[in-house]
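Spelled out, the chains give:
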Amino acid sequence: MEQVLNNEVKPDYNSLQHSDLHSVFAAKIDVQGFEPKVFQGMKKAIKNHKIDFILTEWWPKGVNKMNGYSEQCGEALQYLYLMADAGYTLYATHIVGHPRDAGYMEVKRKAFRKGLPFSDIKLHCLELYKLEVKLQLRKEAMGYWTDVLAVAPNAKLPRDPVSNFGRTIKKNMEESFKL
């Protein structure tokens, strides 16, 4: 553990090839705007479908803010395209914003209660920025984000989850996606 905490261990895809670990059931990535860097390190695993389910926060404004990018949606799109191009199916949840930001309650009340279709990723991203203008969000405000679930081709939920938590996830997913 000390080695990990001191950044002496740098896990990468190649280390998986020399271990008994052949795949990962699920990964949760939420690193407050640094997702492009994390996904850069996961490129081979994603292309080879080594992770069945990936849940990540998608916060375009945060990606720009944390990394000094200026182009709206530029880098924020890249890690979603990486998964989509590898054959993952992407699902977006409802739009979220900070409760103290102007307009957040309006967003919450209106059409964004349901998950949004994710057929055009760039259009979805631009809509997040349009919301900021429409609702006159302060420049320093956090903006809006959504969570994205990426499902690998041929990914399956285990028929018999081995824990109460697993059974709860399976039940919720069956209800959400009508599996």
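To start, this report covers the structure provided alongside it. Here the structure is a predicted model, which is why all the values come from computation and not from measurement.

The rules behind these values
- Residues numbered from 1 in each chain as written.
- Predicted model: local features only at pLDDT ≥ 70, side-chain atom pairs only at ≥ 80, totals over all residues.
- Heavy atoms only, no water.
- Helix = DSSP H or I, 4+ residues; strand = E, 2+ residues; numbered from the N terminus.
- Buried < 20%, exposed > 50% of the residue type's maximum accessible area, 1.4 Å probe, protein only.
- Contact = heavy atoms within 4.5 Å.
- Pairing = 2+ DSSP bridges.

Here Asn67 is to be found in helix α5 (residues 60-67). Exposure remark for Asn67: the relative accessible area of 17% places this residue in the buried category. The contact partners of Asn67, leaving out residues within four places of it in the chain, are Gly33, Phe34 and Lys37.

Let us now look at the pairing of strand β5 (residues 144-151). Among the eight residues that make up β5, seven are buried, leaving the element largely enclosed by the rest of the structure. Looking at chain direction, strand β2 (residues 51-58) and β5 are connected through six bridges and run antiparallel. The residue of β5 that forms the bridge with Thr56 is Val148. For strand β3 (residues 89-92) and β5, the ladder comprises four bridges, and the chain directions are antiparallel. From the neighbouring strand, Tyr91 faces β5, where its bridge partner is Leu149.

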